[in-house]
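# Summary of the model geometry
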Amino acid sequence: QVPPAESGGGSVQAGGSLRLSCAVSFRIFGSFPMGWFRQAPGKEREFVAAIDLSGRNTIYGDSVKGRFTISRDNRRNTLLLQMNDLKPEDTAIYYCAKAIRAWNHATEEADFDSWGRGTQVTVSS
């Protein structure tokens, strides 16, 4: 099973934007909800956002609500995360992963598997 592959990270100033992508195998992308998590140095992995198979249902972590948007391109088997109004506290490695169950508003790390290697996002003040 090929793990997801994140891309699109980089360094931006506070207030800037980035768009992350995650390439996912057809077998995974067409069968499971997907999510984004992040992990800052010295901190535990934190839930960012998740989306169901249809793309119509989403859920966000409190710290990113109103600034980040998760979406999925089902033709390209790609998970997306549009990040606007970035803040220094958004600095982290961002990971995508698949849910282990059908859509149930899961936000815990244990509810996801098939993690990618991550992409670094750095926001300077």
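Up top is the structure.
Residues numbered from 1 in each chain as written. Predicted model: local features only at pLDDT ≥ 70, side-chain atom pairs only at ≥ 80, totals over all residues. Heavy atoms only, no water.

### With respect to the overall build of the chain
Along the chain, the regular secondary structure elements total one helix and eleven strands. When the elements of the chain are put in sequence order from the N terminus, they spell out β-β-β-α-β-β-β-β-β-β-β-β. Rg of the C-alpha trace for the chain: 13 Å, near the compact-globule value of 14 Å for 125 residues, within the 12% margin. Projecting the C-alpha coordinates of the chain onto the three principal axes gives extents of approximately 40 × 25 × 25 Å. Within the chain, the proportion of its 125 residues that are buried is 43%. Within the chain, residue pairs in contact and separated by at least 24 positions form 58% of the contacts whose partners lie at least 6 positions apart. Only carbon and sulfur atoms are counted for the fraction: they give 47% of the accessible area of the chain, which is about 6,500 Å². (Helix = DSSP H or I, 4+ residues; strand = E, 2+ residues; numbered from the N terminus. Rg over C-alpha atoms; globule rule 2.2 N^0.38 Å. Buried < 20%, exposed > 50% of the residue type's maximum accessible area, 1.4 Å probe, protein only. Contact = heavy atoms within 4.5 Å. Areas by Shrake-Rupley, 256 points an atom, 1.4 Å probe, with all protein chains shown as cover.)

### As for the state of the cysteines
Going through the model one piece at a time under the given rule, you end up with one disulfide. Here Cys-22 connects covalently by a disulfide to Cys-96, the sulfurs 1.8 Å from one another. Of this pair, Cys-22 sits in strand E3 (residues 18-23) while Cys-96 sits in strand E9 (residues 92-99); the two residues are 74 residues apart in sequence, bridging distant segments of the chain. Neither Cys-22 nor Cys-96 differs from the other in exposure class; each is buried. (Disulfide = S-S within 2.5 Å.)

### Some points on the pattern of salt bridges
One pass over the full model with this rule turns up eight salt bridges. A salt bridge links Glu-109 to Arg-45; the nearest nitrogen and oxygen atoms lie 3.9 Å apart. Residue Glu-109 is located in the loop between E9 and strand E10 (112-113), and its partner Arg-45 is located in the loop between strand E4 (34-39) and strand E5 (46-51); the two are separated by 64 residues in the primary sequence. Here Arg-67 ties to Asp-90 by a salt bridge, and the two come within 2.7 Å at their closest N and O atoms. Highlighted residues: Arg-67 in the loop between strand E6 (58-60) and strand E7 (68-73) and Asp-90 in the loop between strand E8 (78-83) and E9, separated in sequence by 23 residues. Given the relative accessible area of 9%, Arg-67 is considered buried. Salt bridges linked by common partners bring Arg-38, Glu-46, Arg-67 and Asp-90 together as one network. (Salt bridge = Lys/Arg side-chain N within 4 Å of Asp/Glu carboxyl O.)

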